[in-house]
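Residue strings, one per chain:
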Amino acid sequence: MIETAHQFEGLAEFYEAGRPGYPPAVFAHLARICPARSGLKVAVDVGAGPGNSTGDLLTGLGDGWSVIAAEPGEDMRHVLMRRFRNMPHVQIIGAPAEQLSLPPDFASLVVACSAVHWFDRPKFYAEAARILSPGGILAVVRNRRRPGQIFDGFDAYVWKHYPNSAELEAREQRKEPSHEELSGLDGFLTAHSRRWPWSRAFTARELIDFYLTRAVVWTVVRRLGLSRVMADFQEICASHDLSGETRMDMHFDTLVRWTQRRARPARTG
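Quick caveat, the model's predicted, so the values are computed rather than measured.

### Describing the pairing of strand S7 (residues 248–260)
- Note: strand S5 (residues 132–145) against S7, nine bridges, orientation antiparallel. In the strand pairing of S7, Val141 is matched with Val256.
- Of the strand pairs in this sheet, strand S6 (residues 192–202) and S7 are connected by 11 bridges, and their pairing is antiparallel. In the strand pairing of S7, Arg195 is matched with Leu255.

Next comes the structure, spelled out in structure tokens:
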């Protein structure tokens, strides 16, 4: 993950403001199914970015939990530290997903929110297995946009101007692990999944700012220039009667897939 973190340098403030978070109910559900071991309420937010997921994780988990926010990118980590500087139950570490440098059996919950496609997944899974306590939960969380004509217009624009369509398609397919992938992990039980629907009203500028938090869009921006991409996106919005301070509801699903760390066999003899 260290090799890809540089792609977000200089974008942390923009990402913090433009990227929606996650329903706290997602993390409240994960907290309920975590093992009830006294004194072990530690969650690790892997690939935390500027902390959008970390804030919702704190809200959803509730009292008594501590959160380790792991982020290898220096720019993202700077925003993280500023954002949670007055919260002693949040610790920030500059560690990649594949080498978290935390003790074995340390955490009850490991989550990766819209970041797992940047990881070396086999190494990340092995690291999660190492730091999770027996019965602990590994969860992968992702916001999915529901189909909409404006999003279709944005997507068509990106596909048109992205330099390598095969790479773009492969990137999209990596965004979330399958149920079968998580169910087949060594040391874990069969995976489960659940969706949480939600909506948010966007102005044209807010919608464009949200879309500009996608790494693939910044590849296009670097080719065409930010002013042109912004103007083209504004034109797409206007073609759907979204301009100025007018707001339009956009609909999302938060998809969560999780699996539980197997209990280690009792020693004999």
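### Considering helix H11 (residues 215–224)
- Within the span of H11, buried status applies to Ala215, Val216, Val217, Trp218, Val220 and Val221.
- The positive-phi residue at the C-terminal boundary of H11 is Gly225, with phi of around 100°.

### Description of the UniProt feature "domain: Methyltransferase type" (unreviewed entry) in the chain
- Mapped onto this structure's residue numbering, the UniProt feature "domain: Methyltransferase type" (unreviewed entry) falls at residues 44–139.
- Between the first and last C-alpha atoms of residues 44–139 the distance is 10 Å; the span itself is 32% helix and 28% strand.

### So, the sheet that holds S6
- Pairing in this open sheet of seven strands is mixed, and the strands run S3-S2-S1-S4-S5-S7-S6 from one edge to the other. The open sheet has two edge strands with one neighbour each: strand S3 (90–93) and S6. Each adjacent strand pair in this sheet contributes to an overall mean axis angle of 20°, direction not counted.
- Most of the contacts of helix H3 (residues 24–33) go to S7, to which it runs at about 15°, and overall it touches strand S4 (107–113), S5, S6 and S7.

### Comments concerning the pattern of salt bridges
- Within this structure, the stated rule accounts for 11 salt bridges.
- For Asp209, the salt bridge identified is with Arg205, shortest N-O distance 2.9 Å. Taken as a pair, Asp209 and Arg205 lie in helix H10 (residues 204–211) at a separation of four residues, close to a single helical turn.
- According to the relative accessible area criterion, Arg205 is partly exposed, its value standing at 47%.
- Among the charged side chains, a salt-bridge network with shared partners connects Arg142, Arg144, Glu176 and Arg257.

Conventions and cut-offs
- Just so you know, the residues in each chain are numbered from 1, in the order the chain's sequence is written.
- Note on the predicted model: pLDDT of at least 70 is required for a residue's local features to be given, and 80 or more for side-chain atom pairs to be given and counted; whole-chain, interface and lining totals, by contrast, use all residues.
- Excluding hydrogens and water, the side-chain figures rest on all heavy atoms present in the structure.
- When DSSP finds two or more bridges between two strands, those strands count as paired.
- Helix numbers and strand numbers start at the N terminus; a helix is a DSSP run of H or I with at least 4 residues, a strand a run of E with at least 2.
- Throughout, exposure labels follow a simple rule: accessible area from a 1.4 Å probe, protein chains only, divided by the maximum for the residue type, with under 20% read as buried, over 50% as exposed, and the rest as partly exposed.
- UniProt positions are given in the numbering used here, feature names are shortened, and annotations may be inferred rather than shown by experiment.
- To define axes, lines are fitted to C-alpha atoms, for helices over the stretch in contact only, and angles between the resulting N-to-C directions are given on a 0 to 180 degree scale.
- Here a residue-residue contact requires only that any non-hydrogen atoms of the pair lie within 4.5 Å.
- Criterion for a salt bridge: a side-chain nitrogen of Lys or Arg within 4 Å of a carboxyl oxygen of Asp or Glu.

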